[in-house]
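Read off the chains here:
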Amino acid sequence: MSRVQTNIMKTTITHMALITILCCVLVIFGTAEEEHCGLMFVSAAAALIDVMTLTGWIIWALYVRIKKMVLKPLPHKTLLTLDTIGCILFVYWILIRIFPSITGAWIIPLVCLTWIIALLITVKSSARQSK
C-alpha cells in the first residue's frame, strides 16, 4: 500500500487558516478581558470567525485526504515567513495571557494589519507559482 503525500500542512489554505485562527484568538483575549471599550461584540464575532475557519479547514482537509489529492506546497521562503508571523502571534498570545494589561482595543487594527500582510504574502507567492 503506497502512501500519498498530500502536502496539506504546507499549503496556502492551511497557513492562512492558522494565521486567521491566531488573529481571532488575539482579538478574543485582547477585547474580552475587563470589557475594554465595550467590545464584547467584537470578541464574539472573532469567536464565530474562529469556529467557521477551523470547521472549514477540517472539512477541506478531510476532502483532500479522501480524494488523495496532491497539493502544491508553498515555496520555502514563503513558508518560513508565514511560520514566523504565526510564531510571533502565538508568542504574543502567551504574553497577553500572562500580562493582561498589554491588551486593549488597539489590538484590533494591529491584528487586522497582520492578517492582511499575511494574505498579501500568500497571494504574491501564489501568483509567482502560477507563472
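Please refer to the structure placed before this passage.
The paragraphs below set out a description of the structure included in this document.

1. Notes on the overall build of the chain
Looking only at helices and strands, the chain features 4 helices and 0 strands. In sequence order, the chain lays out its α and β elements as α-α-α-α. Overall, the C-alpha framework of the chain stretches about 55 × 25 × 25 Å when taken along its three principal axes. Counting every position in the chain, which comprises 131 residues, the buried fraction comes to 34%. Taking contacts inside the chain between residues at least 6 apart in sequence as the whole, the part at least 24 apart equals 82%. Per element, the accessible surface of the chain, about 8,400 Å² overall, is 74% carbon and sulfur. If the 11 positive side-chain charges of the chain are averaged to one point and the 5 negative ones to another, these points end up 28 Å apart.

2. A few points about a nonpolar patch on the surface
Among the surface-exposed residues, F90, V91, I94, L95, I98 and F99 lie close enough to one another that they form a single nonpolar patch of about 510 Å² accessible area. Note that V91 resides in helix 3 (residues 76-98). V91 gets classed as partly exposed once you look at its relative accessible area, which sits at 41%.

3. Section: the packing of helix 3 against helix 4 (residues 107-130)
Packing of helix 3 against helix 4 leaves a shortest axis separation of 10 Å and a crossing angle of 165°. As the angle between them shows, helix 3 and helix 4 are arranged roughly antiparallel. In this structure, the crossing between helix 3 and helix 4 has a hand that is left-handed. Within the contact between the two elements, helix 3 uses T78, T81, L82, I85, L89 and Y92 and helix 4 uses I107, T114, A118, I121, T122 and S125.

4. Section: helix 3
Between its terminal C-alpha atoms helix 3 stretches 33 Å, which fits the 33 Å expected from 23 residues at 1.5 Å a residue. Regarding helix 3, the residues found buried are T78, L79, L82, I85, G86, L89, Y92 and I96.

5. What to know about the packing of aromatic side chains
Under the defined criterion, the tally for this structure stands at 2 aromatic pairs. Look at F90 and W93: their rings are 5.7 Å apart centre to centre, the planes differ by 40°, and that puts the pair in the tilted class. Residue F90 and its partner W93 are located together in helix 3, separated by 3 residues, close to a single helical turn. Of the residues examined, W93 reaches a relative accessible area of 25% and is grouped as partly exposed. Following the ring pairs from residue to residue traces out a cluster consisting of F29, F90 and W93.

6. Examining the side chain of T103
Assignment of secondary structure puts T103 in the loop between helix 3 and helix 4. On the basis of relative accessibility, which here comes to 6%, the residue T103 falls in the buried class. Within the structure, T103 has its side chain in polar contact with the backbone oxygen of P100 (distance 2.7 Å).

7. Topic: the side chain of T78
If you trace the backbone, T78 turns up in helix 3. Under the relative-accessibility criterion, T78 is labelled buried at 6%. Ignoring anything within four residues of it in the chain, the contact list for T78 reads I121 and S125.

Reading the values: rules and limits
- In this numbering scheme, every chain counts its residues from 1 along its sequence in written order.
- Whole-chain, interface and lining totals are the exception, using all residues; otherwise, since this is a predicted model, local features are given only for residues with pLDDT of at least 70 and side-chain atom pairs are given and counted only at 80 or more.
- To obtain the side-chain values, all non-hydrogen atoms of the structure were used and water was disregarded.
- A helix here means a DSSP run of H or I that spans at least four residues, while a strand means a run of E at least two residues long, and both kinds are numbered starting from the N terminus.
- Only protein chains enter the accessibility calculation, which uses a 1.4 Å probe; a residue is then buried when its area is under 20% of its type maximum, exposed when over 50%, and partly exposed in between.
- In what follows, a contact means two residues having at least one pair of non-hydrogen atoms within 4.5 Å.
- Calculation of accessible area relied on Shrake-Rupley with a 1.4 Å probe; when residues are assessed, cover is drawn exclusively from the protein chains displayed.
- Working convention for charge: Lys and Arg count positive, Asp and Glu count negative, and His plus the chain ends are omitted.
- All charge positions are set by atom: Lys at NZ, Arg at CZ, Asp at CG, Glu at CD.
- Patch members must show over 30% relative accessible area and no salt bridge, and they are joined within 9 Å when carrying like charges or within 5 Å when they are nonpolar side chains of Val, Leu, Ile, Met, Phe, Trp or Tyr.
- Think of a salt bridge as a Lys or Arg side-chain nitrogen and an Asp or Glu carboxyl oxygen that are within 4 Å of each other.
- Axis lines are fitted through C-alpha atoms, for helices just across the contact stretch, and the angle between N-to-C directions can take any value from 0 to 180 degrees.
- Our angle categories are set so that under 35 degrees counts as roughly parallel, over 145 as roughly antiparallel, 65 to 115 as roughly perpendicular, and the remainder as oblique.
- Crossings are assigned a handedness: left-handed for a near helix turned anticlockwise from the far helix by less than a right angle, right-handed for a clockwise turn.
- The length a helix should cover is 1.5 Å for every residue beyond the first.
- When two rings of Phe, Tyr or Trp (its six-membered ring) have centres within 6.5 Å they constitute a pair, described as stacked for plane angles under 30 degrees, edge-to-face for angles over 60, and tilted for the intermediate range.
- Any N or O atom pair separated by 3.5 Å or less is treated as a polar contact, with the protein-specific requirement of one donor-capable and one acceptor-capable atom, and with residues adjacent in sequence counted only for side-chain atom pairs.

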